[in-house]
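Residues per chain, in single letters:
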Amino acid sequence: QVRFVESGGGLVQPGASLRLSCVASGSHFRMRAMGWYRQAPGQQRDWVARISGDGRTNYVQYADSVKGRFTISRDNARATLFLLMNNLKPEDTAVYYCNSPDYPSDWGQGTQVTVSS
């Protein structure tokens, strides 16, 4: 069972940037696709971004709502997943989580991102 610890959230104004991190414990991180998800108050958890896990190509995909503003990346040596979020909008306010889309583990505590003026 892999555990995830997310960090990097905060309260920012619209247009600001944040960089989220997710440290994964356990093995197989390098070879597994990873994703970021978010859950706004009263809403279901939605997928935000995905990065492949073959250790070579790092193929990425994004939800339409964040395309062009968010960048997902990974550091396999540190078993860490990142999400750089630029030009944040109030509708990005949510708790952000990471997980493996193909081999999901229990959800971590997430990190709160609040975008408000």
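Heads up: the structure comes first, above all this text.
One numbering rule holds for all chains: residues counted from 1, following each sequence as written. This being a predicted model, a pLDDT of at least 70 is required before a residue's local features are given, and a value of 80 or more before pairs of side-chain atoms are given or counted; all residues contribute to the totals for chains, interfaces and linings. The basis for the side-chain values is all heavy atoms of the structure; hydrogens and waters are excluded.

**As for the pattern of salt bridges**
Here is step 1: Whenever a carboxyl oxygen of Asp or Glu lies within 4 Å of a side-chain nitrogen of Lys or Arg, that contact is scored as a salt bridge. For the structure shown, the criterion picks out five salt bridges.
Here is step 2: Between Asp92 and Arg69 there is a salt bridge, with its nearest N and O atoms 2.7 Å apart. Pair noted here: Asp92 is in the loop between β8 (80–85) and β9 (94–99) and Arg69 is in the loop between β6 (60–62) and β7 (70–75), with a separation of 23 residues, a long-range link. Note on accessibility: Asp92 and Arg69 belong to one class, buried.
Here is step 3: One salt bridge in this structure joins Arg78 and Asp75, with 2.8 Å as the shortest N-O distance.
Here is step 4: Three or more residues are tied together by salt bridges with common partners; here these are Arg38, Arg69 and Asp92. Each helix is a run of DSSP H or I of at least 4 residues and each strand a run of E of at least 2, with the numbering of both proceeding from the N terminus. Note on classification: 1.4 Å probe, protein chains only; a residue is buried when its accessible area is under 20% of the maximum for its type, exposed when over 50%, partly exposed between these limits.

**Quick look at the sheet that holds strand β2 (residues 10–12)**
Here is step 1: Think of it this way: DSSP has to see at least two bridges between two strands before they count as a pair. Read across the sheet, six strands follow the order β2-β10-β9-β4-β5-β6 without closing on themselves; strand pairing throughout is mixed. With one partner strand each, in any of the chains shown, β2 and β6 form the two edges of the open sheet. Each neighbouring strand pair of the sheet contributes to a mean axis angle of 25°, computed without reference to strand direction.
Here is step 2: Judged from the six bridges that link them, strand β4 (residues 34–39) and strand β5 (residues 45–51) form a sheet pairing that is antiparallel. The axes are straight lines fitted to the C-alpha atoms, using for helices just the contacting stretch, and the angles between their N-to-C directions are given from 0 to 180°.

**Here's the deal with the environment of Asn76**
Here is step 1: Structurally, Asn76 is set in the loop between β7 and β8.
Here is step 2: Each C-alpha atom, one on Asn76 and one on Ser52, is 12 Å from the other, the two residues being 24 residues apart in sequence.

**Section: the pairing of strand β10 (residues 111–115)**
Here is step 1: Residues of β10 alternate between two faces, with Thr111, Val113 and Val115 buried on one and Gln112 and Thr114 left unburied on the opposite face.
Here is step 2: Judged from the three bridges that link them, β2 and β10 form a sheet pairing that is parallel. Across the sheet, residue Val12 finds its bridge partner in β10, namely Val115.
Here is step 3: Summarising the sheet, β9 and β10 pair through three bridges and their orientation is antiparallel. When the bridges of β10 are listed, Ala94 appears paired with Val113.

Interpretation note: all reported values are geometric properties and have no functional meaning in isolation.
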